[in-house]
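The lines below spell out each chain.
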Amino acid sequence: MNIGKLVKKEVASLRAYSAKEIACRVKLDANESPYGFETALDAALAVKTNRYPDPEAKALKKVLARDCRVMPENILLGNGSDELICYLIETFGGPVLYPVPTFSMYGIIAQALGEQKVEVPLDAAFDLDGPAMLSAVRRARPKLTFLSSPNNPTGNCFSSERILPLIEATKGLVVVDEAYQPFASERGFLPLLKDYPNLIILRTLSKTGLAALRLGYMIASPDIVEQVNKVRLPFNVNALTQAVAVKALQERKKLKESVNKLVAERDRLYGEMERMARVTPFLSEANFILFRVHDPEAVYDGLLRKGVLVRNMNDAAAGCLRVTVGTPEDNSAFLSALGKVLESTKRRVQ
Ligand code: PMP
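What counts and how
Residues numbered from 1 in each chain as written. Predicted model: local features only at pLDDT ≥ 70, side-chain atom pairs only at ≥ 80, totals over all residues. Heavy atoms only, no water. Helix = DSSP H or I, 4+ residues; strand = E, 2+ residues; numbered from the N terminus. Buried < 20%, exposed > 50% of the residue type's maximum accessible area, 1.4 Å probe, protein only. Contact = heavy atoms within 4.5 Å. Areas by Shrake-Rupley, 256 points an atom, 1.4 Å probe, with all protein chains shown as cover. Salt bridge = Lys/Arg side-chain N within 4 Å of Asp/Glu carboxyl O. Pairing = 2+ DSSP bridges. Near = heavy atom within 4 Å. Polar contact = N/O pair within 3.5 Å; in protein donor to acceptor, adjacent residues only side chain to side chain. Nonpolar A, V, L, I, M, F, W, Y, C, P; charged D, E, K, R; others polar. Phe/Tyr/Trp six-rings, centres within 6.5 Å; stacked < 30°, edge-to-face > 60°. Domains from an automatic or database assignment. Buried area = accessible area lost by both parts, 1.4 Å probe.

## Overview of the overall build of the protein
Within the protein, the secondary structure is distributed over 12 helices and 13 strands. Each of the three principal axes of the protein carries a C-alpha extent, and together these read 60 × 55 × 55 Å. Expressed as a percentage of its 350 residues, the buried residues of the protein come to 51%. Partitioning the intrachain contacts of the protein with sequence separation of at least 6 by distance along the chain shows that 72% fall at a separation of at least 24. Accessible surface, the protein as shown: approximately 17000 Å² in total, 54% of it carbon and sulfur.

Below you can see the structure in the form of structure tokens.
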């Protein structure tokens, strides 16, 4: 039986999101935090395994609402923010507008759901191309515009002078995906929610030490939350996640310290890479750095042979790799491996 023939045409032409397990000594490929919250795991022991989780995750929403200074009615939880991207596109449909390169799931989910994708290249500084985005808004009339800020994989925040006119011009909704906001020097768009009824903020716990839990959250007006909640699968956030997240989120000091350490290490990494010949790092407001090299495939393979796993971004951003900021030891191992690999690829080129 040819299963391929049964598949919807939109899915047949898709490539699965690449999240391979590759054995390595230093794992710097997935924008995770090297600092976990294992101390919160004992909260899972109180979970009754025979019962469904709280469908509304009331305790968890209460903690998040307090942290974000919003009401629980402003929050919708997802099994990772990936799930919320899916729910948003299911609820509102397309066209779905986003700049490129950016987080690949906006396009993958839009396509899988049969919605039209509208992709607009970023400008040379990786900022939004203001006029091109505005013209796409007028021409395509997107129901949803996704803006990852800080942007994955480029690492920069889009300038608010380019985001705000989009929110004002579109008749649809604008989703500012703030997965990396904790690492940014700017405050993000949360304070603007009350001024813009078509603004949605996406956040996640995945980048700050809790990727294993799969917890993303959306903050928006209660009207938007009510609509998106209609497509939410029952019990989408499991009981173990709810219990552990509530406990981990109380550890605010530890969270702040780990973010501060990563930001300091990111700036050290950037400085060291900037001093290296044949590497162009791009300034980052996130927990990773995009960098350009002469031969990305050879550098990627060379790093992996030395036990260092980074992400090959050559398809999305020509010549580029992305390294996640890890512990000081892991970052030093990366820098030393990169230096050696660049030296050996240079010899081969000569
Ligand atoms: N948005 C962006 C911009 C991301 O980079 C990621 C993770 N790669 C996500 C959303 C998804 O995060 P989560 O783990 O919450 O599904």
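Here the narrative resumes.
## Overview of the pattern of salt bridges
Across all of its chains, the model carries 17 salt bridges by this definition. Notably, a salt bridge pairs Glu-265 with Arg-268, separated by 3.0 Å at the nearest N-O pair. Taken together, the residues span about one helical turn, with Glu-265 and Arg-268 both in helix H10 (residues 252-275) at a distance of 3 residues. Residue Glu-265 is classed as buried on the basis of its relative accessible area of 11%. By relative accessible area, which is 28% here, Arg-268 ends up partly exposed.

## Side note on the sheet that holds strand E9 (residues 279-281)
Read across the sheet, 4 strands follow the order E9-E10-E13-E12 without closing on themselves; strand pairing throughout is antiparallel. At either margin of the open sheet sits one strand with a lone partner, and together these are E9 and strand E12 (311-312). Across 2 bridges, E12 lies against strand E13 (residues 320-324) in antiparallel orientation. Among the inter-strand pairings, Asn-312 is bridged to a residue of E13, identified as Leu-321.

## What about the site of the ligand?
In the neighbourhood of the ligand, 14 residues make up the surrounding shell, with Asp-177, Tyr-180, Thr-204, Ser-206 and Arg-214 lying closest. Thr-204 places a side-chain nitrogen or oxygen 2.6 Å from an oxygen atom of the ligand. Relative to its unbound accessible surface of 400 Å², the ligand loses 94% to contact with the protein. Looking at the shell around the ligand, its residues break down into 4 nonpolar, 6 polar and 4 charged.

## What about helix H5 (residues 105-112)?
Burial analysis of H5 places 7 of its 8 residues in the buried class, the great majority of the element. Every buried residue belonging to H5 is among Met-105, Tyr-106, Gly-107, Ile-108, Ile-109, Ala-110 and Gln-111, and all of these are buried. If you follow the buried residues of H5, they end up packed against helix H2 (9-12), helix H4 (81-92), strand E3 (96-100), strand E4 (117-121), strand E5 (144-148) and strand E6 (173-177). Backbone geometry just downstream of H5 places Gly-114 in the positive-phi region, at approximately 75 degrees.

## Thoughts on the pairing of strand E2 (residues 75-78)
If a strand is regular, its side chains alternate between the two faces of the sheet. With burial as the criterion, each face of E2 is covered, one bearing Ile-75 and Leu-77 and the other bearing Leu-76 and Gly-78. Two elements, E2 and strand E8 (residues 216-219), share 4 bridges in a ladder whose sense is antiparallel. Bridge pairing links Leu-77 to Tyr-217 in E8.

## Considering the packing of aromatic side chains
According to the stated counting rule, one finds 7 aromatic pairs in the structure shown. Arranged with centres 5.0 Å apart and planes meeting at 80 degrees, the rings of Tyr-180 and Phe-288 form a pair that is edge-to-face. Taken together, the residues Tyr-180 in the loop between E6 and strand E7 (199-204) and Phe-288 in strand E10 (residues 288-293) connect sequence positions 108 residues apart. Neither residue differs from the other here; Tyr-180 and Phe-288 are each classed as buried. Measuring from centroid to centroid gives 5.8 Å for Phe-291 and Phe-334, while their planes differ by 65 degrees, and the two rings are edge-to-face. One end of the pair, Phe-291, is in strand E10; the other, Phe-334, is in helix H12 (residues 328-349), and 43 residues separate them in sequence. Each member of the pair, Phe-291 together with Phe-334, is buried.

## Some points on the domain arrangement of the protein
Split into domains, the protein comes out as domain 1 (3-30 + 253-349) and domain 2 (52-250). Each of domain 1 and domain 2 was reduced to a C-alpha centroid, and the two centroids are 24 Å apart. On the domain 2 side, the residues contacting the 25 residues of domain 1 number 26 residues. Here domain 1 and domain 2 share an interface that buries about 2000 Å² over both sides, 63% of which is from carbon and sulfur atoms. At the boundary of domain 1 and domain 2, one finds 8 residue pairs in polar contact (both at pLDDT 80 or more). Of all the secondary structure elements, the ones that give two or more residues to the side of domain 1 that touches domain 2 are H2, H10 and E10. In terms of residue count, the dominant contributor to the side of domain 1 that touches domain 2 is H10 (5 residues). Of the residues belonging to the side of domain 1 that touches domain 2, the class tally is 16 nonpolar, 3 polar and 6 charged.

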